[in-house]
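Residue-level listing of the chains:
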Amino acid sequence: MTFVRIDGVPHHVVVAGSGPPVLLSAGLGMAWFDWDEVAALLAPHRTVVRFDRPGHGLSGPAPAPPTASGEAHRMAAVLDAVGVSGPVTVVGHSIAGFHAEAYARLHPSRTAALVLVDSSVEPEARVGVGARVVSARVAGAVLAGAGLPAALGPLLRRATVRLSRTGGPDPAPAALVRRCYRTSRVWRGLLLENARYRPVAAELLHLRDHFPLPPVPVTVLAGGAGGPSWLTCQRALADVLGGRLEVAEGAGHLVMLDDAGRVAEAILGAESPTPPLP
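Residues numbered from 1 in each chain as written. Predicted model: local features only at pLDDT ≥ 70, side-chain atom pairs only at ≥ 80, totals over all residues. Heavy atoms only, no water.

Side note on the nonpolar core
The tendency in soluble globular proteins is for nonpolar side chains to be buried side by side.
And step 1. In this structure, Leu23, Tyr103 and Leu114 are the most contacted members of the largest nonpolar core, which totals 38 residues.
And step 2. For leucine 23, the contacting residues outside a window of four places in its chain are Val49, Phe51, Met75, Leu79, Val88, Thr89, Val90 and Val91.
And step 3. Ranked by size, the runner-up nonpolar core spans 29 residues in total, among them Val91, Ala113, Val115 and Ala266. (Core = buried A, V, L, I, M, F, W, Y, C linked by side-chain atoms within 4.5 Å. Buried < 20%, exposed > 50% of the residue type's maximum accessible area, 1.4 Å probe, protein only. Contact = heavy atoms within 4.5 Å.)

Section: the layout of surface pockets
And step 1. The calculated volume of the largest pocket comes to roughly 310 Å³.
And step 2. Lining of the largest pocket is provided by 23 residues; of these, Gly27, Leu28, Gly29, Met30 and Thr160 occupy positions nearest its centre.
And step 3. Only helix H5 (148–163) and helix H7 (184–195) provide two or more residues apiece to the lining of the largest pocket.
And step 4. For the lining of the largest pocket, the element with the highest residue contribution is H5, accounting for 4 residues.
And step 5. Classifying every residue of the lining of the largest pocket by side-chain character gives 11 nonpolar, 10 polar and 2 charged.
And step 6. Quantified by volume, the second largest pocket comes out at close to 210 Å³. (1 Å grid on protein atoms, 1.4 Å probe; cavity = no way out; pocket = protein on both sides within 12 Å on 5 of 7 lines; lining within 4 Å. Points joined across faces, edges and corners; volume = space filled by probe spheres on them. Helix = DSSP H or I, 4+ residues; strand = E, 2+ residues; numbered from the N terminus. Nonpolar A, V, L, I, M, F, W, Y, C, P; charged D, E, K, R; others polar.)

Describing the packing of aromatic side chains
The way to describe two aromatic rings as a pair is by their centre distance and the angle between their planes.
And step 1. All chains considered together, the criterion is met by 3 aromatic pairs.
And step 2. Note on tryptophan 32 and phenylalanine 33: the rings are 4.9 Å apart at their centroids and 70° apart in plane angle, and the pair reads as edge-to-face.
And step 3. Note on phenylalanine 33: relative accessible area 5%, which makes it buried.
And step 4. Between tyrosine 181 and tryptophan 187, the aromatic rings sit 6.1 Å apart at their centres with planes inclined by 70°, giving edge-to-face as the arrangement. For the residue pair tyrosine 181 and tryptophan 187, the accessibility class agrees, reading buried in each case. (Phe/Tyr/Trp six-rings, centres within 6.5 Å; stacked < 30°, edge-to-face > 60°.)

Details of the side chain of arginine 185
And step 1. Mapping arginine 185 onto the fold places it in helix H7.
And step 2. We note that arginine 185 is buried and unpaired, the nearest opposite charge coming from aspartate 52 at a distance of 7.0 Å.
And step 3. There is a polar contact of 2.8 Å between the side chain of arginine 185 and the backbone oxygen of serine 59.
And step 4. For arginine 185, the residues in contact, after removing those within four places along its chain, are Gly55, His56, Gly57, Leu58, Ser59, Gly60, Pro61 and Cys180. (Lys, Arg positive; Asp, Glu negative; His and termini not counted. Salt bridge = Lys/Arg side-chain N within 4 Å of Asp/Glu carboxyl O. Polar contact = N/O pair within 3.5 Å; in protein donor to acceptor, adjacent residues only side chain to side chain.)

What about the side chain of glutamine 234?
And step 1. Checked against the element boundaries, glutamine 234 lands in helix H9 (residues 228–240).
And step 2. Not counting the four nearest positions on each side in its chain, glutamine 234 is found in contact with Asp118, Ser119, Val121, Val220, Leu221, Ala222 and Leu245.

What to know about empty space enclosed by the protein
And step 1. Under the counting rule described, the total for this entry stands at 1 cavity of 30 Å³ or more.
And step 2. As a volume, the largest cavity reaches approximately 40 Å³.
And step 3. Lining the largest cavity, in full, are Ala26, Gly27, Met30, Ala31, Trp32, Phe51, Asp52, Arg53 and His56.
And step 4. Tallied by class, residues from the lining of the largest cavity come to 5 nonpolar, 2 polar and 2 charged.

A word on the environment of leucine 24
And step 1. Position of leucine 24 relative to the elements: it lies in strand E3 (residues 21–25).
And step 2. Among the residues examined, leucine 24 registers a relative accessible area of 0% and is labelled buried.
And step 3. With 24 residues separating them in the primary sequence, leucine 24 and valine 48 have C-alpha atoms 7.4 Å apart.
And step 4. Beyond its immediate sequence surroundings of up to four residues, leucine 24 is in contact with Trp35, Leu42, Val48, Val49, Arg50, Phe51, Val91 and Ile267.

Side note on the sheet that holds strand E2 (residues 9–17)
Across a sheet, paired strands are connected by hydrogen bonds in the backbone, their directions being either parallel or antiparallel.
And step 1. On the basis of which strands lie adjacent, the open sheet formed by 8 strands has the order E1-E2-E4-E3-E5-E6-E7-E8 and mixed pairing. Strand pairing shows two members of the sheet lacking a second neighbour, strand E1 (2–6) and strand E8 (244–248), which therefore form its edges. Geometrically, the sheet is characterised by an average inter-axis angle of 25° between neighbouring strands, direction not taken into account.
And step 2. As judged from the 6 bridges shared by strand E5 (residues 88–93) and strand E6 (residues 111–117), these two strands associate in the parallel manner. Residue pairing across strands places glycine 92 opposite leucine 116, the latter belonging to E6.
And step 3. Lying on the sheet, helix H2 (residues 68–81) is in contact with E1, E2, E3, strand E4 (47–51) and E5; it crosses E4 at an angle near 125°. (Pairing = 2+ DSSP bridges. Axes fitted to C-alpha atoms, helices over the stretch in contact; angles between N-to-C directions.)

Some words on the environment of valine 49
And step 1. You can see valine 49 is positioned in strand E4.
And step 2. For valine 49, a relative accessible area of 0% gives the class buried.
And step 3. For the pair valine 49 and valine 90, spaced 41 residues apart in the sequence, the C-alpha separation amounts to 9.7 Å.
And step 4. Contacts of valine 49, omitting those with residues within four sequence positions, involve Val13, Val14, Val15, Val22, Leu23, Leu24, Val78, Leu79, Val82 and Val84.

What to know about the pattern of salt bridges
Pairs can form between side chains of opposite charge whenever their charged atoms are close.
And step 1. One pass over the structure, following the stated rule, counts 13 salt bridges.
And step 2. Ionic pairing is found between arginine 74 and glutamate 71, a salt bridge with its closest N-O pair at 3.0 Å. One end of the pair is arginine 74 and the other is glutamate 71, both in helix H2 and 3 residues apart, which spans about a single turn. The exposure classification of arginine 74 matches that of glutamate 71, with both residues buried.
And step 3. For glutamate 122, the salt bridge identified is with arginine 198, shortest N-O distance 3.3 Å. You can see glutamate 122 sitting in the loop between E6 and helix H4 (131–145) and its partner arginine 198 sitting in helix H8 (residues 197–210), a full 76 residues away along the chain.
And step 4. Given the relative accessible area of 22%, glutamate 122 is considered partly exposed.
And step 5. Residue classification places arginine 198 among the partly exposed residues on the basis of a relative accessible area of 31%.
And step 6. A single network of salt bridges, built from pairs that share partners, joins Asp34, Arg157, Arg158 and Asp170.

Shown next, in the form of structure tokens:
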């Protein structure tokens, strides 16, 4: 566990294992520890890099609204900071799927494979109204002023995770949940990132038109519990990216919590035949 400063913001980064590098980026409001089980399975075979985006986990507050290209460059800066310069398998869950795809398009020589885990999909996104960012900042300030993160933050985190998976309650350690989700910093970061969801999706569509994907393997791993319409969207995403669709049967949106083994296999199999997991 370490902290690296990128654009003046301290970023929390965790590196473990050895072998070809893998970069894991979690979805909206999630933290590095949500990859714990996946990282443990990968570490005997890969160098696993996890990090918290600004306003998430233990990283510093978000200084500005996120962009697709900005998050892609952030990923590259994180890798630079921990000494990873070669091609990496980049993995994005949910909204971080936008960031991972943008990374592959903007940093093709540094991409070995792309794995999208139940990724957000917005094939017709348009830039939203800027007032949403202002509203998000106001809402964050109101929540902080009312003391709601300290009072209800961990409970909201637990409830959201339970609703987003099929395999049971939130497995995150209570001490870490309290440490992160009792702070207004995390909830402000979540609101700001959510407010920028559609503009980031629209920017990614622009990047698709101007920056082709490198010729690397692409895997879209969908949670099977999302239902037929969601699987259709995930299949369409795989087709657009020229990749293959895999389905974690019975897993909800938080696939890494419901079926960590399936996620690890998808990542390990992205570049080479999947080694046996313990």
